[in-house]
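Results of the structural survey
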Amino acid sequence: MKQKKPTWVIQKERDRRAAAAETVWLFGIHAVRDALSNPMRERLRLIVTKNAADRLAEDIAKSGMEPEISDPRKFAAPIDPQSVHQGAALEVKPLDWGNLTDLCAPRGKNARVILLDRVTDPHNVGAILRSAEVFGARAVIAPHRHSAPETGALAKTASGALERQPYLRIKNLATTMEALREMGYLLVGLDATGDTSLEEIKQDQPVALVLGAEGPGLREKTKETCDTLARIDPAGEFGSLNVSNAAAVSLYAVGKPS
């Protein structure tokens with residue numbers, strides 16, 4: 001008699017098949033152009049208006065894709081009709097950035113990474129990816145659950161950074177933080193009640209900045225896993241930043257990687 005597979009094995013296989021079948025619709029001229037130019041992207045279907053096809057002509061030709069021309073009044077891509085698609089939509093598979101060690105091992109350098117704890121707004125994550133690219137972070141890391149997945153809205157806000165800045169989705173945030181600590185990273189949690197000012201963090205070391213969702217902030221488990229909690233000192237008595245602005249300020253404050 002054939003032995004029945006354990007439930008957890010069956011679920012893992014289902015999740016793997018679902019991930020393999022998952023696709024994302026990117027939209028907007030900048031997001032589509034950068035995805036067309038990204039050799040790491042697995043591209044499936046391109047829908048454009050005549051005007052967008054003209055604007056993207058060189059990129060389409062280089063990609064080797066055969067675009068589907070759509071009427072701008074009845075845009076054929078299966079995306080939210082309210083999306084600012086600019087007449088361009090591209091169906092793709094999510095990017096595979098590889099594993100944590102390959103991406104983030106400092107290798108003797110003062111590397112920077114960002115970890116996100118329950119940041120679910122795709123616009124915030126897209127903006128964080130842009131800042132991470134500008135300031136040379138190795139990766140933006142977030143758990144599979146309770147975080148913003150790769151979507152068209154995220155890609156449009158990232159304005160091309162999604163194609164170049166690693167966005168690594170992991171199973172467990174605390175476990176990943178421990179792995180980064182073993183690589184030599186200082187784990188700095190951003191918290192308004194932190195005992196240390198962000199300006200006091202030494203720049204000549206690998207730093208992992210950990211940011212939580214607006215409102216709830218970092219979970220207790222995440223705080224406990226950090227090496228230190230640091231605050232961004234406001235100029236006045238009151239004031240706060242949203243998470244994407246806090247990420248940009250924090251990356252600037254800890255200095256460029258070397």
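Since this is a predicted model, take the numbers as computed values, not measurements.

Conventions adopted
- Residues numbered from 1 in each chain as written.
- Predicted model: local features only at pLDDT ≥ 70, side-chain atom pairs only at ≥ 80, totals over all residues.
- Heavy atoms only, no water.
- Pairing = 2+ DSSP bridges.
- Helix = DSSP H or I, 4+ residues; strand = E, 2+ residues; numbered from the N terminus.
- Contact = heavy atoms within 4.5 Å.
- Buried < 20%, exposed > 50% of the residue type's maximum accessible area, 1.4 Å probe, protein only.
- Arc of directions from axis to C-beta.
- Polar contact = N/O pair within 3.5 Å; in protein donor to acceptor, adjacent residues only side chain to side chain.
- Salt bridge = Lys/Arg side-chain N within 4 Å of Asp/Glu carboxyl O.
- Phe/Tyr/Trp six-rings, centres within 6.5 Å; stacked < 30°, edge-to-face > 60°.
- Core = buried A, V, L, I, M, F, W, Y, C linked by side-chain atoms within 4.5 Å.

1. Some words on the sheet that holds strand 1 (residues 24-27)
Strand pairing in a sheet takes place through backbone hydrogen bonds and is either antiparallel or parallel in direction. A sheet is described by the order of its strands in space; here four strands give the open sequence 1-4-2-3, paired in mixed fashion. In the strand order of this sheet, the two ends are held by strand 1 and strand 3 (68-69), each with one partner. Pairing of strand 2 (residues 43-48) with strand 4 (residues 88-92), which is carried by five bridges, proceeds in the antiparallel orientation. Residue pairing across strands places Ile-47 opposite Ala-89, the latter belonging to strand 4.

2. Observations regarding the environment of Leu-241
Structurally, Leu-241 can be placed in the loop between strand 11 (228-231) and helix 10 (243-253). Note: C-alpha distance between Leu-241 and Glu-214 (27 residues apart in sequence) is 8.8 Å. Leaving out residues up to four positions away in the same chain, Leu-241 has contacts with Ile-232, Ala-246 and Val-249.

3. Some details on helix 8 (residues 173-183)
Taken residue by residue, helix 8 has Leu-173, Ala-174, Thr-176, Met-177 and Leu-180 as its buried positions. Projected down its long axis, helix 8 carries its buried residues within an arc of 160 degrees, all on one side. What points out from helix 8, more than 90 degrees from its buried face, is the exposed set Thr-175 and Glu-182. Put simply, Asn-172 is the residue that caps the front of helix 8, since its side-chain oxygen is 3.1 Å from the backbone nitrogen of Ala-174. Trailing helix 8 by a residue or two, Gly-184 shows a phi angle of about 110 degrees, which is positive.

4. What to know about the pairing of strand 8 (residues 186-190)
With four of five residues buried, strand 8 is to be regarded as a mostly interior element. With four bridges connecting them, strand 8 and strand 10 (residues 207-212) associate as parallel partners. Across the sheet, residue Val-188 finds its bridge partner in strand 10, namely Leu-209.

5. So, the pattern of salt bridges
Where side chains of opposite charge bring their charged atoms close, a pairing between them can arise. Tallied over the entire structure, the rule returns 15 salt bridges. Glu-150 is the salt-bridge partner of Arg-41, the closest N and O atoms lying 2.5 Å from each other. Of this pair, Arg-41 sits in the loop between helix 2 (29-37) and strand 2 while Glu-150 sits in the loop between strand 6 (139-143) and helix 7 (152-158), and the two are 109 residues apart along the sequence. Here Arg-41 matches Glu-150 in class, with each residue buried. In this structure, Asp-117 and Arg-219 form a salt bridge, with 2.8 Å as the shortest nitrogen-oxygen distance.

6. Considerations on the packing of aromatic side chains
Tallied over the full model, the rule gives one aromatic pair. Judged by centre distance (6.2 Å) and plane angle (70 degrees), the rings of Phe-135 and Tyr-252 are edge-to-face. Within this pair, whereas Phe-135 is found in the loop between helix 6 (122-134) and strand 6, its partner Tyr-252 is found in helix 10, the two being separated by 117 residues in sequence.

7. Comments concerning the nonpolar core
One finds Leu-116, Leu-129, Tyr-167, Leu-209 and Leu-211 to be the most contacted residues of the largest nonpolar core, which totals 48 residues. Leave out the neighbours within four places in its chain, and Tyr-167 touches Trp-97, Val-125, Leu-129, Val-140, Ala-142, Ser-147, Ala-148, Leu-154 and Leu-162.

8. A few points about the pairing of strand 10
Where burial is concerned, most of strand 10 is hidden: six out of the six residues are buried. Neither face of strand 10 is exposed, since Val-207, Leu-209 and Leu-211 on one face and Ala-208, Val-210 and Gly-212 on the opposite face are all buried. As paired elements, strand 5 (residues 112-117) and strand 10 share six bridges and run parallel to each other. If you follow Leu-116 over to strand 10, its bridge partner there is Leu-211.

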